[in-house]
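Letter by letter, the chains look like this.
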Amino acid sequence: YTGKSSTQLLSESINKIKVNEYKSIPVVVNENVSIYDAIVQMFLEDVGTLFVVDDNNLLAGVLSRKDCLRASIGKQDLNTVPVHIIMTRMPNITTCKNEDLLIEVAEKLIEKQIDALPIVRETAEGLEVIGRVTKSNITKAFVDLFKNE
Ligand code: ADP
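Remember, it's a predicted structure, so these values are computed and weren't measured experimentally.

Definitions and limits used
Residues numbered from 1 in each chain as written. Predicted model: local features only at pLDDT ≥ 70, side-chain atom pairs only at ≥ 80, totals over all residues. Helix = DSSP H or I, 4+ residues; strand = E, 2+ residues; numbered from the N terminus. Buried ≥ 20, exposed ≤ 12 C-beta atoms within 10 Å, placed from the backbone. Contact = placed C-beta atoms within 7 Å. pLDDT = per-residue confidence, 0-100. Near = placed C-beta within 6 Å. Nonpolar A, V, L, I, M, F, W, Y, C, P; charged D, E, K, R; others polar. Core = buried A, V, L, I, M, F, W, Y, C linked by C-beta atoms within 7 Å. Right-handed = clockwise from strand over helix to strand, strands pointing away. Pairing = 2+ DSSP bridges. Axes fitted to C-alpha atoms, helices over the stretch in contact; angles between N-to-C directions. Parallel < 35°, antiparallel > 145°, perpendicular 65-115°, else oblique. Left-handed = near helix turned anticlockwise from the far one by under 90°.

The next thing to look at is the overall build of the protein. In terms of regular secondary structure, the protein is built from five helices and six strands. Its C-alpha atoms put the protein at 65 × 35 × 25 Å along the principal axes. Looking at the protein as a whole, 24% of its 149 residues are labelled buried. Sequence separation of at least 24 residues holds for 62% of the intrachain contacts in the protein that already meet a minimum separation of 6.

Attention now goes to the confidence of the model for the protein. A low pLDDT means the predicted coordinates there should not be read in detail. For the protein, mean pLDDT is 96; residues scoring 70 or higher make up 98% of the total. With a pTM of 0.94, the predicted complex shows an ipTM of 0.97.

Turning next to the environment of P82. Here P82 is to be found in the loop between helix 3 (65-73) and strand 4 (88-89). With 16 C-beta atoms packed within 10 Å, P82 lands in the partly exposed category. When the C-alpha positions of P82 and I110 are compared, they lie 29 Å apart, and in sequence the two are 28 residues distant. Non-local contacts of P82, meaning those with residues more than four positions away in its chain, are made with E31, N32, V33 and S34.

This part takes up the site of the ligand. The environment of the ligand is made up of 16 residues, and the closest members are S64, R65, K66, T88 and D115. Elements with a contribution of two residues or more to the shell around the ligand: strand 3 (59-64), helix 3 and strand 5 (116-122). Here the shell around the ligand takes three residues from helix 3, the largest share from any one element. Class assignment for the residues of the shell around the ligand results in five nonpolar, seven polar and four charged.

A few words now on the nonpolar core. Residues L50, F51, V52, L59, L63, V83 and V133 are the most contacted members of the largest nonpolar core, which totals 28 residues. Where this core is concerned, the elements lending two or more residues are helix 2 (35-45), strand 2 (49-53), strand 3, helix 4 (102-112), strand 5 and strand 6 (127-134). Ignoring any residue separated from it by four or fewer positions in sequence, one finds V52 in contact with V29, E31, A60, G61, V62, L63, V83, H84 and M87.

Moving on, we get to the pairing of strand 2. Of all the five residues making up strand 2, four are buried; the element is thus mostly covered by neighbouring parts of the structure. Once the chain exits strand 1 (residues 28-30) it traverses helix 2 before rejoining the sheet at strand 2, and the crossover so formed is right-handed. Bridge count for strand 2 against strand 3 is five bridges, and the pairing is antiparallel. Each residue of the ladder has a partner; that of V52, found in strand 3, is G61.

Before going further, it helps to examine the environment of E45. Relative to the elements of secondary structure, E45 occurs in helix 2. In this structure the C-alpha to C-alpha distance between E45 and V27, which are 18 residues apart in sequence, comes to 7.5 Å.

A separate point is the packing of helix 2 against helix 3. Where helix 2 meets helix 3, the axes come as close as 11 Å, and the angle between the chain directions of the two elements is 140°. The angle between helix 2 and helix 3 places the two elements in the oblique class. For helix 2 against helix 3, the interelement crossing comes out left-handed. Between helix 2 and helix 3, the residues in contact are I35, A38, I39 and M42 and R65, C68 and A71, respectively. Of the residues contributing to the contact of helix 2 with helix 3, the split by class is six nonpolar, no polar and one charged.

So, in structure tokens, the structure goes:
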């Protein structure tokens, strides 16, 4: 018997969960595709956030559902305006790494009021997108904790 309270045990388990264990496949789009095509891709891939990459496949920005809605109710031509015009761009992108704690990601999502983070790997040229972590991944971890998995 360890003498630890259930709260201590719970917080110890939470502090062991890494992003790596709960990530999803990233859905990326080239910065030069039209807003229209990005919206179609969002529907087809069933994601709320697209990660935008440049021609070298390095992270250039993030495109959310509401970024697309905002553009759609404006005067921009969705078929000709590229996504890099309306995305949130680097260096203002909140990212994380495979080995980060999931609880740290949860804190970032709340602090920045966003739904998803790209998981990145740093290279000499820039950031490679290797995964995605969203509120859904965190909800899954929450349920697993309850089930004691
Ligand atoms: P929605 O806009 O659909 O509610 P979010 O809450 O995730 O989705 O996005 C809010 C704003 O924050 C959007 O303008 C989006 O481009 C931006 N954003 C989303 N994720 C990130 C991120 N990881 N880093 C920086 N900005 C982001």
